[in-house]
Amino acid sequence: MLYLSTRGHAERKHFCEILLEGLAPDGGLYLPERYPQLDAGVLAHWRTLYNGGAPGGYAALAFELLSLYIDDIPAADLRALCEKTYTQAVFGTAHIVPLKQLEAPSTDSGQAGFYLQALSNGPTLAFKDMAMQLLGRLFEYELTRRGEQLNILGATSGDTGSAAEYALRGKRGVRVFMLSPAGRMSPFQQAQMFSLQDENIHNIAIDGVFDDCQDIVKAVSKDLAFKRAYKIGSVNSINWARLLAQVVYYFAGYFQASTNDAQAVSFTVPSGNFGNVCAGHVARQMGLPIQTLLVATNENDVLDEFFRTGVYRVRASVDTHETSSPSMDISKASNFERFVFDLLGRDAVRIKALFGDALAEDGYFDLSADPAFAQAASRFGFVSGQSTHADRLRTIRQVFERYGVMIDPHTADGVRVALERRDPAVPMIVLETALPIKFADTIAEALGRAPERPPQFEGLEDLPRRVQHLPVDAAAVQSYIAQHGLAS
Ligand SMILES: *Cc1c(COP(=O)(O)O)cnc(C)c1O
């Protein structure tokens, strides 16, 4: 399998060549040159391999799927990487991604089942562990094979940074420099990151907001001489390997909610950068019978606006709201270009005109008059909805009272939109993207009580912390990396 850029088809690359890269050199995103098509036989075989989530089933499924996209890692090595990653020890259950049934299917009323899919039982209690844990092992594998080292530089508002640190802690050949806005992550998130004592993990609290952190990362990445001298890499959500790892749990969710491979199932995905739901799109393009991909946003409704109107309009910083589902607070959706590439028949010239030129000049583009726009729903199954702070609080209460299940504010955005828009005749799976303990303030506001705390996190906030405070200054960050990074 070769990979191309959404902005040009010229140079095609293998998986391991793009693994350690971010954007393609032309500014586009990497995608496989085609999606492997699964016939009924393959789907039935994968259902058997997954075996209802029996021990080893998820790793076996992951290996089968990844092998279709990775042809430059020997099969035995790839299988071992999957088996080491997707274990009960790392993800809490042998199932890895079990469904929680909120409403049972009923043949009497013709109502299909309503489920949460647990994706948040990894080390940092958010779905990003699902991909990042594999990415950490792939990085170590490939860097060792090349005899190279890498300094990972990133900015986080909470979930990405901790998932990256827990995936890369103690890994050979990698150091992590993670910028976060000082005092702005939830207390639990701060404790999760700053309590890591691993020598290769560097937490840097910037005296600014998340945008300041991102600007520093951009400034450092633009300094090509520095970037080369210190081998700066990233693990952000546009990385294809992350997206690919996420495709697997759509299959696992499907097998749990359906009894045979003819049945269609829908997913609701709490969305920000469009990485998670784009993995659902890939699964659907491969032939997984997904009826609807329901994109749920919070008040930052860039994506909902597009699917309602055909207009994609990037928000300015001042128009980007700080909400109680902060991991969905985005001004633009960095993976969205991948979907639009497919929507427009993989026309790289048009993608360059839209994402390279129109967004840079006008800050928006408008596909409402393009016949392709109607196909977002009719051919690709995309529908959207949005939710507010008041909706989240109400939904957290409703789910707790009605089903006895406590959900986090991001998952609540999903449940709220799913309840509003689902087709009762089709099983609906809402992806649970984080656990409530990460966002205790909002849970207390909704339920008047503290969230449940998994036992392994007792006393987390009291552990000693390892964090460096720096001003909003790219030069200060560069000199910190120069002192503590791995030289190339
Ligand atoms: C990252 C994140 C999201 C958004 O996922 P995208 O892939 O950016 O769309 C939603 N919920 C939680 C808890 C997250 O950490």
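Refer to the structure presented above.
Residues numbered from 1 in each chain as written. Predicted model: local features only at pLDDT ≥ 70, side-chain atom pairs only at ≥ 80, totals over all residues. Heavy atoms only, no water.

### Here's the deal with the packing of helix α2 (residues 40–50) against helix α11 (residues 240–257)
Two numbers describe how α2 lies on α11: the axes approach to 10 Å, and their chain directions differ by 85°. Considered as vectors, α2 and α11 are oriented roughly perpendicular to each other. Residue-level contacts link L43, W46, R47 and Y50 of α2 to F251, A252, Y254, F255 and Q256 of α11. Looking at side-chain class alone, the contact of α2 with α11 contains seven nonpolar, one polar and one charged residues. (Axes fitted to C-alpha atoms, helices over the stretch in contact; angles between N-to-C directions. Helix = DSSP H or I, 4+ residues; strand = E, 2+ residues; numbered from the N terminus. Parallel < 35°, antiparallel > 145°, perpendicular 65-115°, else oblique. Contact = heavy atoms within 4.5 Å. Nonpolar A, V, L, I, M, F, W, Y, C, P; charged D, E, K, R; others polar.)

### Observations concerning the packing of aromatic side chains
The full count for this structure, using the stated rule, is 31 aromatic pairs. Considering the side-chain rings of F307 and F336, the 6.1 Å spacing of their centres and the 85° angle between planes classify their relative orientation as edge-to-face. Taken together, the residues F307 in helix α13 (residues 302–309) and F336 in helix α14 (residues 336–343) connect sequence positions 29 residues apart. For the pair formed by F307 and F336, the shared burial category is buried. Taken together, the ring pairs in this structure connect F274, F306, F307, Y312, F336, F339, F355, F365, F373, F380 and F382 into an aromatic cluster. A cation over an aromatic ring shows up here: R422 above the ring of F114, its NZ or CZ 4.4 Å from the ring centre. (Phe/Tyr/Trp six-rings, centres within 6.5 Å; stacked < 30°, edge-to-face > 60°. Buried < 20%, exposed > 50% of the residue type's maximum accessible area, 1.4 Å probe, protein only. Lys NZ or Arg CZ within 6 Å of the ring centre and 35° of its normal.)

### Concerning the site of the ligand
Taken together, 15 residues surround the ligand, and among them K128, D159, G272, N273 and N276 come closest. For the ligand, an oxygen atom lies 3.0 Å from a polar atom in the backbone of F274. Between the ligand and G275 there is a distance of 3.2 Å, counted from an oxygen atom to a backbone nitrogen or oxygen. Summarising the interface, the protein chains cover 96% of the accessible area of the ligand, which totals 380 Å² for the free molecule. (Near = heavy atom within 4 Å. Polar contact = N/O pair within 3.5 Å; in protein donor to acceptor, adjacent residues only side chain to side chain. Areas by Shrake-Rupley, 256 points an atom, 1.4 Å probe, with all protein chains shown as cover.)

### Concerning the pattern of salt bridges
Per the stated rule, a full pass over the model turns up 26 salt bridges. Between D370 and R350 there is a salt bridge whose closest N-O contact spans 2.9 Å. Taken together, the residues D370 in the loop between β13 (364–366) and α16 (371–378) and R350 in helix α15 (residues 348–362) connect sequence positions 20 residues apart. Judged by its relative accessible area of 19%, D370 is buried. Among the salt bridges present, the one from D391 reaches R416, with a minimum N-O distance of 3.5 Å. Of the two residues, D391 is situated in helix α17 (residues 389–403) and R416 in helix α18 (residues 409–421); the sequence distance between them amounts to 25 residues. Look at D391 and you get buried, because its relative accessible area is 8%. A single salt-bridge network, built from bridges that share partners, covers E142, R145, R146, E148 and K231. (Salt bridge = Lys/Arg side-chain N within 4 Å of Asp/Glu carboxyl O.)

### As for the sheet that holds strand β10 (residues 265–270)
Across the sheet, which stays open at both edges, the six strands sit in the order β4-β5-β15-β10-β11-β14 with mixed pairing between neighbours. In this open sheet, the two strands that pair with only one neighbour each are β4 (99–103) and β14 (382–386). The sheet shows a mean angle of 25° between the axes of neighbouring strands, direction not considered. As defined by bridge partners, β4 adjoins strand β5 (residues 114–118) across four bridges and the pair is classed as antiparallel. Residue pairing across strands places E103 opposite F114, the latter belonging to β5. Against the sheet, α13 makes contact with β11 (290–297) and β14, and its axis sits at roughly 130° relative to β14, the strand it touches most. (Pairing = 2+ DSSP bridges.)

### As for the nonpolar core
Counting residues in each nonpolar core, the largest one holds 118 residues, and the members touching the most others are Y69, Y250, F251, F274 and F336. Top element by residues in this core is α11. It accounts for 14 residues. Aside from chain neighbours lying at most four places away, what touches Y69 is M1, Y3, F15, P32, Y35, P36, W240, L244, V282 and M286. L294, I396, M428 and L447 belong to the second-largest nonpolar core, a separate cluster that totals 21 residues. (Core = buried A, V, L, I, M, F, W, Y, C linked by side-chain atoms within 4.5 Å.)

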